[in-house]
Structure formats: structure tokens, C-alpha cells
Amino acid sequence: MQLRNIARDFTRENRSTRAIDDVSLEVEEGEFVAIVGPSGCGKSTLLRILQGLIPPSAGQVLYRKVPQAGVNGDMAMVFQGFALLPWLSVRDNVALGLVARGPSALDIDRTVSFYIDKVGLEGYEEAYPRELSGGMKQRVGLARALAIEPRILLMDEPFSNLDALTSVTLRDEVLMLWKDPEMPVRTIVMVTHIIEEAILMADRVVVLSRRPTRVVREIPVDLPRPRNRKHPDFERLSDEIFSLIS
Amino acid sequence: MTPSFLKRFSFLLPTAIVVTVLSGVVLLFSRTPPSGRPLFPREDLADLPGDIGHSLLRLTLAYLLSLLFAYLYGFAAAMTRWGPKVLIPVLDILQSIPVLGFFPAVVLMMVPLFPSTRMGVEVASIVLIATSMAWNMAFAVYESIRTAPGDLWELFRGIRAPYWLWITRFLVPMTLPKVIYNSVLSWTAGWYFLIACEMIALGPVHYELPGLGSFLVGATEKGQFGEALLGIGALIVTVMLLDVFVFRPALVWSHTFQIGEVEGPFARISSPVYDFLAASEMLASSRRLLAGWAGFLVRHLWPAGQSEGLRWSRPLLGAIRIAALILAGVVVAKSVLDGVHVVAGWVRQGIPWALLSELPEDLVFSMIRLLVGYALSLLWTIPLAYWVFKNPRLSRIVFPLAEVMASVPATALFPFIIVLVVQKLHSMNLASIILLMSGMQWYLLFNLLSGVGTFPTELREVSLTFGIRGVLFFRRVFLPFLMPSLVTGSITAFGGGWNALIVSEYVVYARQDYGVRGVGAFLDRATYSGGHPVLIVATLLVMTAAVVILNRLFWLPLYERVTRKYGYDS
């Protein structure tokens, strides 16, 4: 998929400001791309333009070489604030995207159980989000996104509302799911403000500037997986990105 | 029509609405006033259960009607572009209209539309009670939708949810906490208006609406105080049973739909009935069965594949829009023409300037009475709040007691108060103020008590460590902290007061009328004794204008200032 010269304006008090200016980006199938940048630079907006939730003010989004119109059903989003429905059980939350597509109840049940097991939520099917810890909530969010079997998984700061320990385990699990041959998801685009997280997980890190947002640099990460943050190359990369942002 | 063309004329829409409403009011009162003989209130103890049933049924139908309105209006206001700009200001004005004043006119309009008089009066009363319940619920729907987290909107758009999924899983659940909380408030208001309607119908309008209200009037008029007390007792029991078996379980259930932390005065509410129902296996299985059926129906009504929801073809949509515009234009033009015609007729008859000129003075009298009622309410609610604050254990007694007292619709006590005050003390002015108070004081008390309930421990401790006690504490800590609650309480109290004016300044009791000078009495006299329609329309407009102007120019700025200055963030 491709972003071509994307720009996005937003209006506040009748004054139009350019939030994102001329961003071009390409994501190959099977790639894990992380987008990092200073806070408030429009990373999340970019992700929403990618899925078609927000139209760009200028430029074009190409999906499989065709201009994308409306919301792309081949993508699913994992939200920073989990976005779970408190009135639905874990099972019904995970099933939501499938119910929207309308396969038979039996198919939904089977798929939902499969993904609930995959993210390690078995036994919590009938629980309500209120009763779960942050980590468990994000597992539900992840299962819900995976359950519609998207080609591209979009993650908007998925670990920043979790405590440090939980996010370490959940990061590893996402990586395992990504490499899991049973998973149809091959491509992941993640937005984050944590540089280490980007280097730890992604094949390529896209660094964005302050407003108006542009791509400062794209940095391929060739470190062998599983990655070690004590590795000298890791630290070198981390320093490089840090200096680009600040 | 281009959008910019439409935009240039966007001011026309609110103007058209106001003009249509005005014409509607004019037409409403152009009908001839009732000419019936005074009815003798029928009253028999054996009728009491049936009367309660009648009242409950009327109230339930009114509630369902207002719920339907609230969702239609609330969704339209929250999800259309012109909703917040047009529908919300209109709703704001609608909610400050003293609806009781419209009752006789609505009765006159409805009666010819139905095969029997009784049915017309019933429908009129239900519509009127519904208007006392609907506005806050419509606001609740609107606010819930507007404050729904952006993430959830994106989630549902991202999965390309069909309409039915939007409604059943997002839009309606989102609104439930606020709608259910407001339903409880609406029922309280509903009782008040229900009893008032039954009394007005029986008294000045001369129709019979069997129910608790007419029972109470009948009993007191015959001097059967024991029976009247029994009626009030039955009313209290009914209200409390509803509370235990309907409202509390519903409130607890609504917490399931709360996004984020559960807050507010009902946060810690518990309900054994809800626990019982939630634990019951039979209920759970029947619910699953129902959900299964609903799912089956939905799947067949909206077959899969139409995942973007209904799609209208563009020309069809345009045609519908133009047709709707033309239709709206015709309706507006017709009602305006009719309105002008009617007004012209009135002018030819001669406008009763002499009577009309009394109106401003009457407004002043009413306002003085409102202020006195308000001051008297403050005089006992603030000390009580302070007393409860000093002795927190008291809240366990005061709260339930106040709840029971407030649950009695003040209108139910009117016959008593009139008999006691007017016949013994011969002062309708005093009776009128007491009646006004009964419609105002509870709002103050409950807002103050809930303010006291949130008094932070750290503020108490700070005062203790620095030795701030007595008058100093009351003036520098306690009262400022309660300021926002006091202002909120005052706004709602005056809202209740304006409505109470209509029933408290002029009372027909035992075929004799008692009145004082004021807008409420002015309106009642004009309506019931077949006064000039101009008088009625003018009074309603003056009252509504007074309420709207006071809200806009006094209460809202005050509320904003007070919350900014005294709002406490720990």
C-alpha cells in the first residue's frame, strides 16, 4: 500500500492549519512498519488516513495500486485506549467486527474462540471489560482486530496505556502472532512514541517531524530477532532516532 | 441548490420554526373555550385502586411517548449538521415553557379529534404529561451521543458496521446511563403534572379524568380528610414500590453501560431486586432466547452484504429533500396565514388593552412570590444541609425521609394546603407561596445534600488543622464549596417554580375560586373564564420570555462564574 503526498489540514476557530504536509510512505506486504514522532505530530491521524477513516486534504492513498475510497475493510485497528464496549462480554466484543460482516452465528463462534485462545484469553469469554486488567483489555482489542482476519493490522500506540511489565509481554506476543503461520495478518503498521518499542518490533522505522509533519527519515532495522536492547547497534539506532526527533 | 446558497439562508430555519410555533400557539387558542357545567368530583374509597391504576397507566403511556420523542429528537440533534445549531436552542426554549398553561388549550384541540370526549381529554393529558417528561431525556440522548468517545466512533466505522449494529451495540447502549437516570427524574415530574392535569380537568375545564388527583380533590372537597390521607398514603406506597422494583434495578443495570468510572449521586446505589434478577437463571435463558429471535429478525430484515447500510440513490434523495422542503414550506405558510387571519380577527374584536396592561404588574407580583418562596426554601434547606454535614450519621435518616417527602408530588398536597391555609387563615397569598415552595424546595435540598456528600475529607482536615471553626468555617469553606450545588439547585428550583405558578395562584375548590394577582392567575382566569385569546397567548409568551431571558442573562452566566470560581478539583 502507498501513501502519496498526503496532507491533512484541520480547522480551529476558522483558521486552517496544515497538520500533515506532504507525507509519502510505502508499506510492503509482510512488513512491520513503525511510525515514530514527537507527541502531537499527527501520527495517529496518519494511521486513520491509512484506513480511510479520515480523508486526506490532499494526496492519495493507494491500496494494491488502486486509489482507496472510504473505509478499507482489509484493515483493522488496535486502539490506544482499547475502545472496548463495557456493555458487551469479552466474547461479544471480539465478535463485533464479524457480526458487522454477517457470517453465520456458527462461523462467528468458531473464529472468535480461535482468536480468544490465540491471545490467551481462554476462560475469560464471559467476563466484562470492567473486570479485566489493562493488559487483558488490550488482548481483547487485539483479538477483536485479528478476528476479522485483516491483511493489515493498524496499531495506534497499543502499549502506552499499559504498565511497563505488561507491555513487555504483550509486545512479545504480538511479534509471535505476526510470525505465526496460522495468522492471516502479514502486515503491521504501528504508531508509537517509544523509540525502543519501534526498534524492538519493526522492520522499518519511519521518523516524523514536528508540525507540519513530514517524514524525516526512514530507517531499516536489520537487527536479528529476537532483538536485544543491550546490543550496541540497538543503542546506536536508538540514539540516532532520538536525535532526529528532539 | 448549492450549499452556500442554503447557508446564506440558514437563519430562515430558526425563524421559520419560531414563527410556526407562534402561529401554532395562536391557532391553539383560537378555539372556543369550554362551556360545561362544573363536575361534581366522584369520590369513593372503593375507587382508589382503580384510580391509582388509571394514573399509572396514563403516566406509563406518557413516559413511552416522551421516550420515543427523546430518542428521535436526541439522535436528530446529535447526528445532523444543523442539530446542535437549531434543534438544541429550540429544545432549550421548549423546556422552559410552563407546559401546564397549555393544558386547557390542548384539551380543546384534542376533544374534537376523537370519537368520545373522554378519549380526547385522556390523550390531551397524556400528551401534556409527556411534554413534562421529554425535554431532559432528549438532552440526555443528545449529550450521551455527543460525548461518546471518538475511539468508538472510529471502531464502528472501521468495521463498517451496518445500521442495526450501530444502533443496538453503540448508539442506544451509549445513551442508557443518562437516559435511565433522567427517566427517574422525569417520572417525578410526571407525577406532579399528572395530578395537576387531573385536578385542572376536574376543576376549571370541567372534564373528568379518573385518577389519584381527582380522588384527592374529591375527598378534600367533601371534607373526608381521612380518605384523602389514605389516598396520599397509597400514592407514597405506589411511588416507593416503583422505586424498589423498577427504578433502582434499572439504575444499577444502567451502570453496565457506563463508559469509565461510575459517578454521580446514584453511583453507590444498590438493589437487591436487581441482584435477584441478575442471578436468576430463568431470566437469563429467556433473555438469550429473546436475543436469538431479535438476531434472527435483524438478519432477515437487513440481509448480509448491505454492510454500508441503506443506500439511497442520489436523485431519489434529492427528490425527497425537495419534497420535504416544499411540504415544510406549505405547512409553515398555511399555519402562518391562518395565524395572521386569527390575529386579524382578534384585532377586529378589539384587543382588551386595559386587561393586557395588568400583565407586567402581575409578572412582578409573581416574581416576588417566587423570590419569597425561594428565600423561605433556602432558609430551611441550608441549615439542614449544614446540620447533616456536622452529623454525617444523620444523612442516613434525612436522605430516605427527604426522598419519601419529595416523592409525593406537591400537587397532591394542594387540596390540603388550600383547605388549611385559605379556610383557616384566609390568606390565598400565603397558600400560594406555600404551594410554590412545595414545587421548589426539594430541588434545593437534594442538590445541597449531594454537595455535602462530596465534601472532600482533605478540606475538612485542613480546616481542622488551622482551627477554622464556626462562622468562619461556614462562610469561608462550607458555603463556597456548596456554591455550585446551590446554583444548580436554584436553577432547577426556579424551573419548577414557574410551572407551579400556574397551579398555585388560582385554585378552584368546592366550586369557588381562589386567586391572587400574578401571571399564573391571569393566565388561568383568561383561559377558564373564556377571556380574550390574546390574553392567553400574551401571558404564555410573557412567561416563556421571562423564563428564557432569566436563564440566558442571569442563571447561565452565574452558573459559569460560580463553577469557575468555586469548582473544587482535588
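Residues numbered from 1 in each chain as written. Chains lettered and ligands numbered in written order. Predicted model: local features only at pLDDT ≥ 70, side-chain atom pairs only at ≥ 80, totals over all residues.

### Considerations on the overall build of chain B
- Along the backbone of chain B there are 22 helices and two strands.
- The proportion of buried residues among the 570 residues of chain B is 37%.
- Pairs at least 24 residues apart make up 77% of the contacts formed inside chain B by residues separated by at least 6 positions. (Helix = DSSP H or I, 4+ residues; strand = E, 2+ residues; numbered from the N terminus. Buried ≥ 20, exposed ≤ 12 C-beta atoms within 10 Å, placed from the backbone. Contact = placed C-beta atoms within 7 Å.)

### Some details on the overall build of chain A
- Check the secondary structure of chain A and you find seven helices and 10 strands.
- By the compact-globule yardstick of 18 Å for 246 residues, chain A fits well, its C-alpha radius of gyration being 18 Å.
- Taking the principal axes of the C-alpha coordinates as reference, chain A spans close to 45 × 45 × 35 Å.
- Within chain A, the fraction of its 246 residues that count as buried is 39%.
- In chain A, of all internal contacts separated by at least 6 residues, the share reaching a separation of at least 24 is 68%. (Rg over C-alpha atoms; globule rule 2.2 N^0.38 Å.)

### A closer look at the interface of chain B and chain A
- Each partner contributes residues to the interface: chain B has 19 residues there, and chain A has 21 residues.
- If you tally residues by element for the side of chain B that touches chain A, the top one is helix 7 (residues 150–158) of chain B, at six residues.
- In terms of residue class, the side of chain B that touches chain A is made up of 10 nonpolar, four polar and five charged. (Nonpolar A, V, L, I, M, F, W, Y, C, P; charged D, E, K, R; others polar.)

### Let's talk about unusual backbone geometry
All names here are of chain A.
- Omega for the bond connecting Arg 225 with Pro 226 falls within 30 degrees of zero, at -10°, which places this linkage in the cis form.
- By the element assignment, Pro 226 lies in the loop between strand 10 (215–220) and helix 7 (232–245).
- Unlike most non-glycine residues, Arg 64 shows phi in positive territory, near 50°.
- Checked against the element boundaries, Arg 64 lands in the loop between strand 4 (58–63) and strand 5 (66–67).

### Description of the environment of Gly 451 of chain B
- Relative to the helices and strands, Gly 451 of chain B is located in helix 18 (residues 428–453).
- Judged by C-beta crowding, with 22 C-beta atoms within 10 Å, Gly 451 of chain B ranks as buried.

### A short note on the environment of Leu 459 of chain B
- The residue Leu 459 of chain B is located in helix 19 (residues 457–465) in this model.
- Not counting the four nearest positions on each side in its chain, Leu 459 of chain B is found in contact with Val 477 and Phe 481 of chain B.

### As for the pairing of strand 10 of chain A
All names here are of chain A.
- Among the six residues of strand 10, zero are classified as buried, and the element is accordingly described as predominantly exposed.
- Here strand 9 (residues 204–208) runs beside strand 10; their pairing, made up of five bridges, is antiparallel. Note that in strand 10 the partner of Val 206 across the bridge is Glu 218.
- Where strand 9 folds back onto strand 10 in an antiparallel hairpin, the turn is made up of six residues. (Pairing = 2+ DSSP bridges.)

### Considerations on the pairing of strand 9 of chain A
All names here are of chain A.
- Counting buried residues in strand 9 gives four out of five residues, a clear majority hidden from the surface.
- Strand direction decides the pairing type here: strand 3 (residues 32–36) and strand 9, joined by four bridges, are parallel. Within strand 9, the residue paired with Ile 35 across the bridge is Val 206.

### Comments concerning the sheet that holds strand 3 of chain A
Residues and elements named next belong to chain A.
- Strand order in this open sheet of six strands is 6-7-8-3-9-10, and the pairing throughout is mixed. With partners counted over all chains shown, the strands left at the sheet margins are strand 6 (75–78) and strand 10, one partner each. Strand-to-strand, the axes of this sheet are offset by a mean angle of 15°, without reference to chain direction. (Axes fitted to C-alpha atoms, helices over the stretch in contact; angles between N-to-C directions.)

### Re the packing of helix 20 (residues 470–504) of chain B against helix 22 (residues 533–566) of chain B
Residues and elements named next belong to chain B.
- Where helix 20 contacts helix 22, the two axes come as close as 9 Å, and the packing angle between them is 170°. Here helix 20 lies roughly antiparallel to helix 22, going by the angle between them. On helix 22, the residues touching Pro 480, Phe 481, Met 483, Pro 484, Val 487, Ile 491 and Trp 498 of helix 20 are Met 543, Val 547, Trp 555, Leu 558, Tyr 559, Val 562, Thr 563 and Tyr 566.
- Classifying every residue of the contact of helix 20 with helix 22 gives 14 nonpolar, one polar and no charged. (Parallel < 35°, antiparallel > 145°, perpendicular 65-115°, else oblique.)

### Points about the confidence of the model for chain B
Residues and elements named next belong to chain B.
- Here chain B averages 79 in pLDDT, while 85% of its residues score no lower than 70.
- Predicted confidence is poor over residues 304–311, with pLDDT under 50, and the contacts of this stretch with residues over four places away or in other chains come to 10 contacts.
- Scored as a whole, the predicted complex attains pTM 0.79, and scored at its interfaces, ipTM 0.83. (pLDDT = per-residue confidence, 0-100.)

### Brief notes about the nonpolar core
- Core analysis: the largest hydrophobic core is formed by 192 residues, its most contacted members being Ala 143 and Leu 154 of chain A together with Leu 128, Ile 129, Ala 138 and Cys 197 of chain B.
- In this structure, Leu 154 of chain A is in contact with Leu 47, Leu 50, Gln 51, Met 75, Ala 76, Met 77 and Val 189 of chain A, ignoring residues within four places of it in sequence. (Core = buried A, V, L, I, M, F, W, Y, C linked by C-beta atoms within 7 Å.)

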